[in-house]
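# Structure assessment
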Amino acid sequence: MDQTRLLAPGALDGLTDQARAIFKVMMNTGLRLIEIASSTPEGVCLDDPKEGGLSYVQVLPNGRELKSRRAKRRVPLLGVSLDAMRGFPEGFSNYRQNSATLSATLNKYLRENDLKETEDHVVYSLRHRFEDRMLKANMDERIRRDLMGHSLKREKYGKGADLEDIVKVMLPYVIE
């Protein structure tokens, strides 16, 4: 999806504040809608001093089953995603138990406001575009899989890359 159109002044004004923020969080994180919508204050870490002041979302079960054991992870918040999350440090109460409605709402809004590049584009195209940007950045496959919550298809050794290292690689591709 074309982020310049999506972030043009007024383009997302017809969405509720929470739906608009969730949409923007997805842009630079690639998180699944349900992972963003079900976030709680425990999983929203803004300016964490233990992480050198970095901000991130920690994907936790929060009373639901995660898609896979690899889905539990920390994903940095940068650019428009960080700005959007700062507005909702407690999470998204309107959608916490209702992410299916969120997906339908966002897809309908994109369609009715001519914000889709093609008929095939849906809100989850943001997740796919995030992975494309990581590939363009030549980001290590382990880091990409860790951020997306995908399996490694091999044994997982070590804790993976530090948030600071991930941010350094991501910065040139962040949507502001």
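The structure we're discussing is the one just above.
Here's what I pulled together on the structure shown here. Keep in mind it's a predicted model, so treat the numbers as computed, not measured. (Residues numbered from 1 in each chain as written. Predicted model: local features only at pLDDT ≥ 70, side-chain atom pairs only at ≥ 80, totals over all residues. Heavy atoms only, no water.)

## Points about the packing of aromatic side chains
Under the counting rule described, the total for this entry stands at 1 aromatic pair. Relative to phenylalanine 92, the ring of phenylalanine 88 has its centre 5.2 Å away and its plane inclined at 35 degrees; by these criteria the two rings are tilted. The exposure class assigned to phenylalanine 88 is buried, which follows from its relative accessible area of 18%. (Phe/Tyr/Trp six-rings, centres within 6.5 Å; stacked < 30°, edge-to-face > 60°. Buried < 20%, exposed > 50% of the residue type's maximum accessible area, 1.4 Å probe, protein only.)

## A short note on the sheet that holds strand β3 (residues 73–76)
One open sheet holds the 3 strands; their spatial order is β1-β2-β3, and the pairing between them is antiparallel. In this open sheet, the two strands that pair with only one neighbour each are β1 (44–48) and β3. On average, adjacent strands in this sheet sit at an angle of 25 degrees to one another, irrespective of strand direction. In terms of strand pairing, β1 meets strand β2 (residues 54–59) through 3 bridges, oriented antiparallel. (Pairing = 2+ DSSP bridges. Helix = DSSP H or I, 4+ residues; strand = E, 2+ residues; numbered from the N terminus. Axes fitted to C-alpha atoms, helices over the stretch in contact; angles between N-to-C directions.)

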